[in-house]
Amino acid sequence: MSSDVQTRPELDEAGRALLFSEARTANSFAPTPVTDEQLAQIWDLAKWAPTAANTQPLRIVFARTDEGRARLLPHMSEGNKAKTESAPAVAILAVDTQFHDHIPALLPFRPELRDVFEGDAKMRERTGDFNGALQAGYFILAVRSLGLAAGPMAGFDAAGIDAEFFPEGRFRSILVVNIGHPGENPWFDRLPRLDPADTVSWV
C-alpha cells in the first residue's frame, strides 16, 4: 500500500554540531582568504529563509577589500575594531525600507500587498525589521555550513554606516558579521544557556 506521508532526511550529529551545538562566535580570524565564490554561496543558502509574504527585506554589502574595510572600521565600536580588521571578509546586513516595491514580483498572486505596505509605514517597519532579523539568522547558519566562522556584532554606529554605505537612505543597517577562519584564541568561554524549564512549556 502506498503512503502519502513524506519524510525529510535529517542532518547527522556532525552537521547539527557544525550549525548549532559546537558553533561559536569568532573573535579573531586567520589570514586565510575567503573567496568571492564562498561569499556568493553564503547568500545562495541564506536567501531561502522564510519571510512574511515572501518579502525578503534583507540586503548585504560584503566588505572584502582594504578600501571597504577602511570605510567600515571607523564606525565599529572600540571592542569590535580589532576583530573586524582581522576578518578577511565582513558583511553589512541591512533592511530595505522599500522592500514592498518587489512584492508584485515576489508574491505575484497578491500584488496588491505592495499598496497595503505603502499605506502603512508602521506595519512596513515592523515587517522589515522582523523578517530582516530572521534572514540574518539564516545568514549566520549559511556561513557556518560552509566551514567558516561568523562573528555577528551589533556594536557599531548604525547612522555612520548608513551614511557611508547607504547614502540614498533606502537601506538601514541592522548587523555586521565578520566572516573567516578562526584565528589565535578565537573563542571566549562558552556562556550558559537557559534551562528548558525556563523557556519551554507544553500544553
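Residues numbered from 1 in each chain as written. Predicted model: local features only at pLDDT ≥ 70, side-chain atom pairs only at ≥ 80, totals over all residues. Heavy atoms only, no water.

### Here's the deal with the overall build of the chain
Move 1: A tally of helices and strands in the chain yields nine helices and four strands.
Move 2: Taken along the three principal axes of its C-alpha coordinates, the chain extends 55 × 50 × 40 Å.
Move 3: Buried residues in the chain amount to 38% of all 203 residues.
Move 4: The contacts of the chain with a sequence gap of at least 6 include a subset with a gap of at least 24, amounting to 79%.
Move 5: When the accessible area of the chain is evaluated, it comes to approximately 12,200 Å², of which 56% is carbon and sulfur surface.
Move 6: Each charge class in the chain was averaged separately, 20 positive and 28 negative side chains, and the resulting centres sit 2 Å apart. (Helix = DSSP H or I, 4+ residues; strand = E, 2+ residues; numbered from the N terminus. Buried < 20%, exposed > 50% of the residue type's maximum accessible area, 1.4 Å probe, protein only. Contact = heavy atoms within 4.5 Å. Areas by Shrake-Rupley, 256 points an atom, 1.4 Å probe, with all protein chains shown as cover. Lys, Arg positive; Asp, Glu negative; His and termini not counted. Charge placed at Lys NZ, Arg CZ, Asp CG, Glu CD.)

### Considering the pairing of strand 2 (residues 89–96)
Move 1: Strand 2 sits mainly inside the fold: eight of its eight residues count as buried.
Move 2: With eight bridges connecting them, strand 2 and strand 4 (residues 171–180) associate as antiparallel partners. Its bridge partner lying in strand 4, V90 is registered against N178. (Pairing = 2+ DSSP bridges.)

### Focus: the pattern of salt bridges
Move 1: Under the counting rule described, the total for this entry stands at 14 salt bridges.
Move 2: With its nearest N and O atoms 3.1 Å apart, the salt bridge here joins R59 to D96. Of this pair, R59 sits in strand 1 (residues 58–63) while D96 sits in strand 2; the two residues are 37 residues apart in sequence, bridging distant segments of the chain.
Move 3: D96 sits in the buried class, given a relative accessible area of 1%.
Move 4: The closest approach of N and O atoms between E112 and R110, which form a salt bridge, is 2.6 Å.
Move 5: Owing to a relative accessible area of 39%, E112 belongs among the partly exposed residues under this scheme.
Move 6: What makes R110 partly exposed here is its relative accessible area of 36%. (Salt bridge = Lys/Arg side-chain N within 4 Å of Asp/Glu carboxyl O.)

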